[in-house]
4 protein chains.
Amino acid sequence: MVSPIVAGIIGAGRIGRLHADNLRVMPSYKLKSIAEAVVGEELQAWAESRNLGSVFTNGEDLLNDPEIEAVFICTPTDTHAYWIEQAARAQKNIFCEKPISLSSAQTSRALQVVEEEGVLLQVGFNRRMDPSFRKLKQLVQSGQLGKPHVVKITSRDPQPPGEAYVLSSGGMFMDMTIHDFDMARYLMGEEVAEVYTRGANLVDPMFGRCGDVDTAVITLTFVSGAICVIDNSRKAVYGYDQRVEVFGSHGSATADNCRPTTVEVSTASSVTRDQPEHFFLERYNQAFTEEVAAFARAIRLQEPVICSGIDGQQAERIAEAAKESHLTGLPVKLPFHAGEESSAASQVL
Amino acid sequence: MVSPIVAGIIGAGRIGRLHADNLRVMPSYKLKSIAEAVVGEELQAWAESRNLGSVFTNGEDLLNDPEIEAVFICTPTDTHAYWIEQAARAQKNIFCEKPISLSSAQTSRALQVVEEEGVLLQVGFNRRMDPSFRKLKQLVQSGQLGKPHVVKITSRDPQPPGEAYVLSSGGMFMDMTIHDFDMARYLMGEEVAEVYTRGANLVDPMFGRCGDVDTAVITLTFVSGAICVIDNSRKAVYGYDQRVEVFGSHGSATADNCRPTTVEVSTASSVTRDQPEHFFLERYNQAFTEEVAAFARAIRLQEPVICSGIDGQQAERIAEAAKESHLTGLPVKLPFHAGEESSAASQVL
Amino acid sequence: MVSPIVAGIIGAGRIGRLHADNLRVMPSYKLKSIAEAVVGEELQAWAESRNLGSVFTNGEDLLNDPEIEAVFICTPTDTHAYWIEQAARAQKNIFCEKPISLSSAQTSRALQVVEEEGVLLQVGFNRRMDPSFRKLKQLVQSGQLGKPHVVKITSRDPQPPGEAYVLSSGGMFMDMTIHDFDMARYLMGEEVAEVYTRGANLVDPMFGRCGDVDTAVITLTFVSGAICVIDNSRKAVYGYDQRVEVFGSHGSATADNCRPTTVEVSTASSVTRDQPEHFFLERYNQAFTEEVAAFARAIRLQEPVICSGIDGQQAERIAEAAKESHLTGLPVKLPFHAGEESSAASQVL
Amino acid sequence: MVSPIVAGIIGAGRIGRLHADNLRVMPSYKLKSIAEAVVGEELQAWAESRNLGSVFTNGEDLLNDPEIEAVFICTPTDTHAYWIEQAARAQKNIFCEKPISLSSAQTSRALQVVEEEGVLLQVGFNRRMDPSFRKLKQLVQSGQLGKPHVVKITSRDPQPPGEAYVLSSGGMFMDMTIHDFDMARYLMGEEVAEVYTRGANLVDPMFGRCGDVDTAVITLTFVSGAICVIDNSRKAVYGYDQRVEVFGSHGSATADNCRPTTVEVSTASSVTRDQPEHFFLERYNQAFTEEVAAFARAIRLQEPVICSGIDGQQAERIAEAAKESHLTGLPVKLPFHAGEESSAASQVL
């Protein structure tokens, strides 16, 4: 039996704690420490209930622990790149939440440091490990659907975030659609050549005041000529709507929403079933566990990471192009980056 | 009981005979005559089996029969406008298959003659009468879905037409997508302001040789800012794929494919159910009957026609813009035509 | 092209008129006459609208018309056997609604006359021609499900009939479950050896006062040891519930309810879809047409009738045994009738 | 925060280890020890990987640990009653797998000891905590379905057990259907008055040689007159088939199978979706966790246990009656046991 990976987490917000609880029950990990800039009583109590001892108030202290092999970066987005560089220089394997940064220059530099230091970096596009979407990927790779012609992604949140979040989010394309851009590349296994965005402010005028949109249809054209269309809304009143379809020359596959139960109720007035799982914590519960298990296999068994730094960077580039298309009203071509096709063709594990 | 409408049909091809058989069993019609340029033995035998007597070889002869009140124009597309004008001048109420013409000038002139003569014109966008799509329209009109934000239309044929058909079809947007353009206007009840097309030739190189596409994703932006996205393919190997979704501020409604049976078979190797109804004759069987019944109500009961000449014209304009967008690679704005909003808001009956 | 079958109908109630309208639009029939004991203005007007001329007030007069080849018996149940005998003696082919009679002696005598006269008799168990149930039969016959082990039939009416109907119906087993007994034999292709009934009066005390039940679970054991279970209710508030499952050694097949549209509506409060088709006229609309088309093929093309007199008789025998089991609280064995296996194995056409 | 419950497990087979892994990740438990008659290297290594120290080879030693508050009995069925008595006398709260015993006398005595000692006993009918079946129970209790008239339970295993298992299982009714008998009582909240069994040996002659059946339809009549029908098979080639329907005066609710993904694949040859979850470990994964969480709440928060000893005993009595009905071919009435209605009406938590 291989020894567990000693891990630390930088950032003890919602997603940091989620990873902490997942790591604790996995035999492949031994979670040792967590760091957070400001530590109150509630956080310290939480850390003790997880046997994590004192919370570090300085991420560098955590990185200085030579026993720690892997670091999970769960801080606010604008510090991801900084911590990636620090962790890489400390020779830690890195799991970083998406996006790597809101700036292509920062992302490039962070990836360069990772490459120089020769550590592993996995980006947290957890949906790649959703059982239904993985099955779509397997169907594409197996050739059962033939050559993919059209990919359709519906991605709608159950409720809009607050104004403060919107202002610091980098905009809907960088914050929300970025998951769908990654899904499109993951399923197609090739790069995007052109982006056209039709965005709108229909849900709440607040988004417009923040210079953002809340509704969008984005068309991606792949190098092969295949087409992907994504539709987003910040507010689907019936719950988290996450559906994907791959249509190819030999067939089509659809992944529908997940629902808490299979119960259908028929009465004199209606026939009803459950709404979709409420939000990402419920819907992608299993994917959050499996992406971390895959990271352990990448460290211990030399499997490729399921989502590389290049994958993270490409999704950011598409998000930037989507924003430009929205602002200009015109399609935007993406520059070709040598050597990137190979990364897009990452295999399903 | 109102008297039946005495009807004639010009054009005895597949769609003309379909209407003939539908009219024969409806108490609101009395089908009297049919005309076709060339009459062989097979056609004459068919006509006799329907008690239609001699087939006219000249449509004008049919129009000269004063007993005939209503004419169904089922000729090739390039003669629709001609027969509309002739029928209007003969004071017949007109049911015409889509599109009215492949030329905006011809369509405009035909509509002008109809208006001058004061006859009724209904265009054969039969999908408006599909039970599932009608229910979507009712849900939009009732306000149950709130303000519509996004409409999604999937429309895929089970197999591509032959080269001769493609060459004379006016192209995929005018021949096939035109149904979806009409559906978008019907469901939204407002006009399209801009069109962006991403087309591709992925199914068969023949389409490319004909200067046409076989795969496309088309984004329509409505005057209100709402967005519609249509995805088309000339070849869905699993059957006729006809699905529509309306997503609004208060909810979403989806219309799925129809299937011949409800049987699901579970074996050691798979769980299977029926493929969708094969093609339009099966899927829109009921809609073909109901559009003709609605035309009878328009004639006898002064109900508005369910799809007017203006509706036909607007769908053609969107198709032309879609083609232009495909050729230029850029979004195309549609000019505003005064007085047209009202036509778009045609009520579901 | 074969000549149409000249047909007459005895009985102009709901089901008689339904058959009349179906026969009128089928090229294989020419409906000539209808008979009804008492003819009012409304009936005569209806008959004229169908070009049926004067309604006969005496069925014998209709039977005396030598041009008529086929007679549809749509009178009240207690006269079915009488008219079968009269029609058989008049050398007409006979389509008779179910059940043949409420008395096994009467049914036997009627079948004997049919046999002596050598005419065709088809009993109106229309559900055999429902597209979904036919597909189940084909799956059983093809061997795809292996050897059938369990058949499950859910059969619930949307609303209970009135007291007068109940009193003359012969009881729920003879009136309603008889369809399910026939379906069980049709799907299994073998005979029932034992019946156990658990009935209850849960819907309305009226049924109890009439000596009848309104809810029941009936277990049929086939000669092979396979088991069928039927559950009935006279009142399913959500609509007509008609589902069948065949479970076998190699797999299982389910036929679900049919619904008017495929629309699903998701809102903040619920996810809803259509209730089942309201009642038998809607659900079995296509089956009513197809059973009559099959009768024409039996007459003109020497195909076997899809449901013979023996099939009708066997269903009645099971209904009688079900009633006896209900009254005694004990399982009831069915006597073996030589030569009947073959009839049960009627093929799906 | 309440202190965790210190727990021990007697029996380290498949189900004992399953509970061990569930208890380890639940904050409400602290799993301290496990006992198993024979301890090999593999078991000791497993125990150490779970920080359980030395495995006790004698359950009494575990019971002698005063720190342990709760004991999980996961031994072979024929020792359940013995360990219940021992654990009760040691003043431990008891979670026992089903059935309590294969003998009504043993079960009664064990329950008496539990009552005398005043400890809690929960029986492991885990399906009560399946999210879909819990929702059915809530729908019944809320009155949304009105008065229940018919309950239908389909329960089929994916593959038959081996001959050794069958011989020691107590027969299909005691081993497999017992879950369904409990489900029927749970959903109805009342007692069974009569049982009729129609069993068959259709899957494998081995069952017949063992004096057992592999296929059965069992009809339960409740005191109120409501009817439940259960259909069982030891072999559903397509997977674990676990469906329940409650039909009542105001509506019906169905719980369908769970499937690993929501993917549907449409090709030229078929439309397929996933088979049901393979077997109970997958399907009832969440229920296994939740039954143990409920037991913790019963201990710490004085909530009633979700499934009492009386519930276990009643299910066994129905199983015995079902077997008697199978052997005699006649319905079997269940004696009324005073005070038991209340236990049947156990609330959903």
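Residues numbered from 1 in each chain as written. Chains lettered and ligands numbered in written order. Predicted model: local features only at pLDDT ≥ 70, side-chain atom pairs only at ≥ 80, totals over all residues. Heavy atoms only, no water.

Asks: In this structure, what is going on with the relation of the copies chain A and chain B? I would like to understand it.
Replies: The operation linking the two copies of the chain is a rotation about an axis combined with a translation along the axis. When chain A is fitted onto chain B, the two copies agree to an RMSD of 0.0 Å after a turn of 180° and an axial shift of 0.0 Å. Between the two chains, the operation in question is that of a two-fold axis. Of every C-alpha in chain A, the one belonging to A:Leu330 sits nearest the axis of rotation, 3.3 Å from it. When the interface residues of chain A are mapped onto chain B, 100% of them again fall at the interface, so both copies present the same face. (Least-squares fit on C-alpha atoms with pLDDT ≥ 70 in both. Contact = heavy atoms within 4.5 Å.)

Asks: Got a minute to help me understand the relation of the copies chain D and chain B in this structure?
Replies: For the pair chain D and chain B, the best superposition has an RMSD of 0.0 Å and corresponds to a rotation of 180° with a translation of 0.0 Å parallel to the axis. Most of the interface of chain D is mirrored in chain B, where 100% of its interface residues again form contacts.

Asks: Where do I start with the packing of aromatic side chains in this structure?
Replies: Summed over all chains, the structure comprises 46 aromatic pairs over all chains. Judged by centre distance (5.9 Å) and plane angle (70°), the rings of A:Tyr29 and A:Phe72 are edge-to-face. You can see A:Tyr29 sitting in strand β2 (residues 29–35) and its partner A:Phe72 sitting in strand β3 (residues 70–73), a full 43 residues away along the chain. For A:Tyr29, a relative accessible area of 5% gives the class buried. On the basis of an interplanar angle of 80° and a centroid distance of 6.3 Å, the ring pair of C:Phe247 and D:Tyr238 is categorised as edge-to-face. (Phe/Tyr/Trp six-rings, centres within 6.5 Å; stacked < 30°, edge-to-face > 60°. Helix = DSSP H or I, 4+ residues; strand = E, 2+ residues; numbered from the N terminus. Buried < 20%, exposed > 50% of the residue type's maximum accessible area, 1.4 Å probe, protein only.)

Asks: So what exactly am I meant to see when it comes to the interface of chain D and chain B here?
Replies: One frequent convention defines the size of an interface as the accessible area lost when the parts assemble. On the side of chain B, 14 residues touch chain D, which itself brings 14 residues to the contact. Between chain D and chain B lies a buried interface of about 1100 Å² when both sides are counted; carbon and sulfur atoms form 51% of it. Sorting the residues of chain D by area buried against chain B places D:Val271, D:Arg273 and D:Gln275 first, and these three jointly supply 40% of that buried surface. Where chain D meets chain B, there are 2 salt bridges. Across the contact surface, chain D and chain B share 8 residue pairs in polar contact (both at pLDDT 80 or more). Residue assignment for the side of chain D that touches chain B shows that the elements contributing at least two residues are β12 (263–267) and β13 (271–273) of chain D. Looking at the side of chain D that touches chain B, its residues break down into 4 nonpolar, 6 polar and 4 charged. (Buried area = accessible area lost by both parts, 1.4 Å probe. Salt bridge = Lys/Arg side-chain N within 4 Å of Asp/Glu carboxyl O. Polar contact = N/O pair within 3.5 Å; in protein donor to acceptor, adjacent residues only side chain to side chain. Nonpolar A, V, L, I, M, F, W, Y, C, P; charged D, E, K, R; others polar.)

Asks: Just checking my understanding: could you explain the packing of helix α6 (residues 131–142) of chain A against helix α8 (residues 172–188) of chain A for this structure?
Replies: With their axes 8 Å apart at the nearest point, α6(A) and α8(A) run at an angle of 35° to one another. Contacts between α6(A) and α8(A) pair A:Phe133, A:Arg134, A:Leu136, A:Lys137 and A:Val140 from the former with A:Met183, A:Tyr186 and A:Leu187 from the latter. (Axes fitted to C-alpha atoms, helices over the stretch in contact; angles between N-to-C directions.)

Asks: Where do I start with the nonpolar core in this structure?
Replies: Nonpolar side chains in soluble globular proteins generally cluster together in the buried interior. Residue and element names in this part refer to chain B. One finds Tyr29, Phe72, Ile94 and Leu220 to be the most contacted residues of the largest nonpolar core, which totals 100 residues. Counting residues per element, this core draws most heavily on helix α8 (residues 172–188), which supplies 11 residues. Beyond its immediate sequence surroundings of up to four residues, tyrosine 29 is in contact with Pro4, Ile5, Ala7, Leu23, Phe72, Val292, Phe295 and Ala296. (Core = buried A, V, L, I, M, F, W, Y, C linked by side-chain atoms within 4.5 Å.)

Asks: So what exactly am I meant to see when it comes to unusual backbone geometry here?
Replies: A negative phi angle characterises most non-glycine residues, just as the trans form characterises most peptide bonds. All names here are of chain B. Cis geometry marks the peptide bond from lysine 98 to proline 99, where omega comes out at -15°. Mapped onto the elements of the fold, proline 99 is located in the loop between β4 (93–96) and α5 (104–117). For asparagine 51, which is not glycine, the phi torsion reads 60° and is therefore positive. Its location among the elements puts asparagine 51 in the loop between α2 (41–49) and α3 (59–63). On the basis of relative accessible area, asparagine 51 is assigned to the exposed category, the value being 66%.

Asks: Help me out: how do you make sense of the confidence of the model for chain A in this one?
Replies: Do not read the predicted coordinates in detail wherever pLDDT is low. Residue and element names in this part refer to chain A. Per-residue pLDDT for chain A has a mean of 94; in total, 96% of the residues score no lower than 70. Taken as a whole, residues 338–349 scores under 50 in pLDDT and shows 34 contacts with residues more than four places along the chain or in a different chain. For this predicted complex, the interface confidence score (ipTM) comes to 0.94, while the overall pTM stands at 0.95. (pLDDT = per-residue confidence, 0-100.)

Asks: Whenever I open this one, the sheet that holds strand β4 (residues 93–96) of chain A confuses me. Can you help?
Replies: Backbone hydrogen bonds are what pair the strands of a sheet, in a parallel or an antiparallel way. All names here are of chain A. Strands sit in the order β2-β1-β3-β4-β5 across an open sheet of 5 strands; the sheet is parallel. Edge positions in the open sheet fall to β2 and β5 (121–123), since each of these has one partner strand only. On average, each strand axis in the sheet is inclined to that of its neighbour by 20°, with strand direction left out of account. Bridge count for β3 against β4 is 4 bridges, and the pairing is parallel. Within β4, the residue paired with valine 71 across the bridge is isoleucine 94. Of the strands in this sheet, β1 (5–10), β2, β3, β4 and β5 are in contact with helix α11 (residues 285–301), which crosses β4 at around 160°. (Pairing = 2+ DSSP bridges.)

Asks: How should I be thinking about the pairing of strand β10 (residues 241–248) of chain A in this particular structure?
Replies: Here is the key point about a regular strand: its side chains alternate between the two faces of the sheet. All names here are of chain A. Counting buried positions over the 8 residues of β10 gives 8, a clear majority of the element. Neither face of β10 is left uncovered, since the one carrying Asp241, Arg243, Glu245 and Phe247 and the one carrying Gln242, Val244, Val246 and Gly248 both have all their residues buried. In this sheet, β10 lies alongside strand β6 (residues 148–156) in antiparallel orientation, the contact comprising 8 bridges. Each bridged residue has a counterpart across the sheet, and for arginine 156 the counterpart in β10 is aspartate 241.

Asks: When you look at helix α5 (residues 104–117) of chain D in this model, what are you seeing that I'm missing?
Replies: Within an α-helix, residues lying three or four positions from one another point in the same direction, as the helix has 3.6 residues per turn. All names here are of chain D. An ideal rise of 1.5 Å per residue puts 20 Å on 14 residues; α5 measures up with 20 Å between its terminal C-alpha atoms. Turning to α5, its buried residues number three or more, namely Thr107, Ala110, Leu111, Val113 and Val114. Each buried residue of α5 sits inside an arc of 155° when the element is viewed along its axis, so together they form one side. Along α5, the residues that are exposed and aim more than 90 degrees away from the buried face are Ala105, Glu115 and Glu116. Residues of α5 that are buried sit in contact with α4 (80–89), β4 (93–96), β5 (121–123) and α12 (309–328). Immediately beyond the C-terminal end of α5, within one or two residues, lies glycine 118, with a positive phi of roughly 70°. (Expected span 1.5 Å × (residues − 1). Arc of directions from axis to C-beta.)

Asks: Honestly, the sheet that holds strand β2 (residues 29–35) of chain D in this entry has me stumped. Any pointers?
Replies: All names here are of chain D. Judged by pairing direction, the sheet is parallel, and its 5 strands sit side by side in the order β2-β1-β3-β4-β5 without closing on themselves. What marks the edges here is a single partner per strand, and that holds for β2 and β5. For this sheet, the mean angle separating the axes of adjacent strands, direction not counted, is 20°. Summarising the sheet, strand β1 (residues 5–10) and strand β3 (residues 70–73) pair through 4 bridges and their orientation is parallel. Looking at the pairing, isoleucine 9 lines up with phenylalanine 72 of β3. Contacts from helix α1 (residues 14–24) reach β1, β2, β3 and β4, with the element oriented near 165° to β1. Running at roughly 165° to β4, α4 makes contact with β1, β3, β4 and β5 of the sheet.

Asks: How do you make sense of the interface of chain A and chain B when you look at a structure like this?
Replies: At the interface, 41 residues of chain A touch 41 residues of chain B. Each partner contributes to the roughly 2900 Å² buried at the junction of chain A and chain B, and carbon and sulfur atoms together form 66% of this total. Contact with chain B buries area across many residues of chain A, yet A:Arg198, A:Leu202 and A:Phe247 alone supply 20% of it, more than any other trio. Viewed at the interface, chain B and chain A are joined by 8 salt bridges.

Asks: Where do I start with the pattern of salt bridges in this structure?
Replies: Side-chain pairs of opposite charge can arise where the charged atoms are in close proximity. Tallying each qualifying case throughout the model produces 116 salt bridges over all chains. Between A:Arg109 and A:Glu85 there is a salt bridge, and its shortest N-O distance comes to 3.4 Å. With A:Arg109 in helix α5 (residues 104–117) and A:Glu85 in helix α4 (residues 80–89), the pair connects residues that are 24 residues apart, well separated along the chain. Notably, a salt bridge pairs D:Asp180 with D:Arg127, separated by 3.3 Å at the nearest N-O pair. One end of the pair, D:Asp180, is in helix α8 (residues 172–188); the other, D:Arg127, is in the loop between β5 and α6 (131–142), with 53 residues separating them in the sequence. Residue D:Asp180 is classed as buried on the basis of its relative accessible area, which comes to 2%. Three or more residues are tied together by salt bridges with common partners; here these are A:Lys152, A:Glu245, B:Arg156, B:Asp231, B:Asp241 and B:Arg243.

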